[in-house]
Amino acid sequence: NIMSVVVNVEERDVAAQQSRDAEGLKEKLRLEQETEPCVNKMRQPSHSSLVFLAKVSERAKRFDDMREYVRQIVYLTPDLTSEERNLLAVAYKNSLTMRRHSWQLILKKSRVERGSIEQAGLDHFKELVRREIENICFDIMDLIKNKLLVYSQEEKIDEATVFLLKV
């Protein structure tokens, strides 16, 4: 009698667990279906979404992300508004500023650690930062030369052209 009660309790617990697992699976599938449109939208965000994301990235001080959003804006529409041109300048300037600070810190540390075992690690890190700075500079120069100025000069020399030439 006691044994049958224990078996019944165990069977009930197993059934309850299976029911919870099934409900969890249903909930997971429901959430995936609900979020699927959001994921698709994020794969190909609209112009206004990219501007919004660039602004959020700026406030969060995630300038590399901001740089990528602005880059996508340029590829969507190379005719940038004044606000979008400012986002472009802020994104690239701050990405470079962070790396310049890193570069200065590494140089100071290299002077202190000259000849030590850590010097090889510092040299490697310095090369990494140098390449990042170089890539960011080439990226902005390519955008300006091959996308923005081409479009801007087709129209006329205006405020946008002057802004881009200054950058």
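Enquirer: Sorry if this is basic, but what is going on with the overall build of the protein here?
Expert: Along the protein, the regular secondary structure elements total 6 helices and 0 strands. Sequence-ordered secondary structure for the protein, helices as α and strands as β, is α-α-α-α-α-α. The buried share of the protein, reckoned over its 167 residues, is 25%. The contacts of the protein with a sequence gap of at least 6 include a subset with a gap of at least 24, amounting to 62%.

Enquirer: Sorry if this is basic, but what is going on with the packing of helix 2 (residues 47-59) against helix 3 (residues 63-76) here?
Expert: Two quantities define a packed helix pair, namely the angle between the axes and the distance from one axis to the other. Interaxial distance between helix 2 and helix 3 falls to 8 Å at its minimum, and their mutual angle equals 160°. The orientation of helix 2 relative to helix 3 falls into the category roughly antiparallel. Regarding helix 2 and helix 3, the two cross each other, and that crossing is left-handed. Residues H47, L50, V51, L53, A54, S57 and E58 of helix 2 touch helix 3, and the partners they reach there are F63, D65, M66, Y69, V70, Q72, I73 and L76. For the contact of helix 2 with helix 3, the residue count by class is 10 nonpolar, 3 polar and 2 charged.

Enquirer: How should the pattern of salt bridges be read in this particular structure?
Expert: Pairs may arise between side chains of opposite charge once their charged atoms sit close together. All told, the structure shown has 9 salt bridges when counted by the stated rule. Residue R62 is joined to D65 by a salt bridge in which the shortest nitrogen-to-oxygen separation is 2.5 Å. Judged by relative accessible area, which is 26%, D65 ranks as partly exposed. Across the pair R131 and E127 runs a salt bridge, and its minimum N-O distance is 3.9 Å. Remark: E127 and R131 occur in helix 5 (residues 119-155); sequence separation between them is 4 residues, near one turn of the helix. Residue E127 is classed as partly exposed on the basis of its relative accessible area, which comes to 30%.

Here is what the cut-offs are and how they apply
Residue positions are given per chain, counted from 1 along the sequence in the order it is written. Under the rules for a predicted model, residues below a pLDDT of 70 receive no local features and side-chain atom pairs below 80 are neither given nor counted, while totals for whole chains, interfaces and linings still include all residues. Note that the side-chain values use all heavy atoms of the structure and ignore hydrogens as well as water. For helices the rule is a DSSP run of H or I covering at least 4 residues; for strands it is a run of E covering at least 2, with both sets numbered from the N terminus onward. Burial status follows relative accessibility: with a 1.4 Å probe on protein chains alone, a residue under 20% of its type maximum counts as buried, one over 50% as exposed, and anything between as partly exposed. Note on contacts: a residue pair qualifies if any of its non-hydrogen atoms lie within 4.5 Å across the two residues. Lines fitted to C-alpha atoms define the axes here, with helix axes fitted over just the stretch in contact, and angles between the N-to-C directions of these axes take values from 0 to 180 degrees. The labels follow the angle: roughly parallel below 35 degrees, roughly antiparallel above 145, roughly perpendicular from 65 to 115, and oblique for the rest. Helix crossings are classified by the rotation of the near helix relative to the far one: an anticlockwise turn of less than a right angle makes the crossing left-handed, while a clockwise turn makes it right-handed. Charged residues are taken to be Asp, Glu, Lys and Arg, nonpolar residues to be Ala, Val, Leu, Ile, Met, Phe, Trp, Tyr, Cys and Pro, and polar residues to be all remaining types, Gly included. Take a side-chain nitrogen of Lys or Arg and a carboxyl oxygen of Asp or Glu: if they are within 4 Å of each other, that pair is a salt bridge.

Limitation: the analysis is restricted to geometry and does not speak to function.
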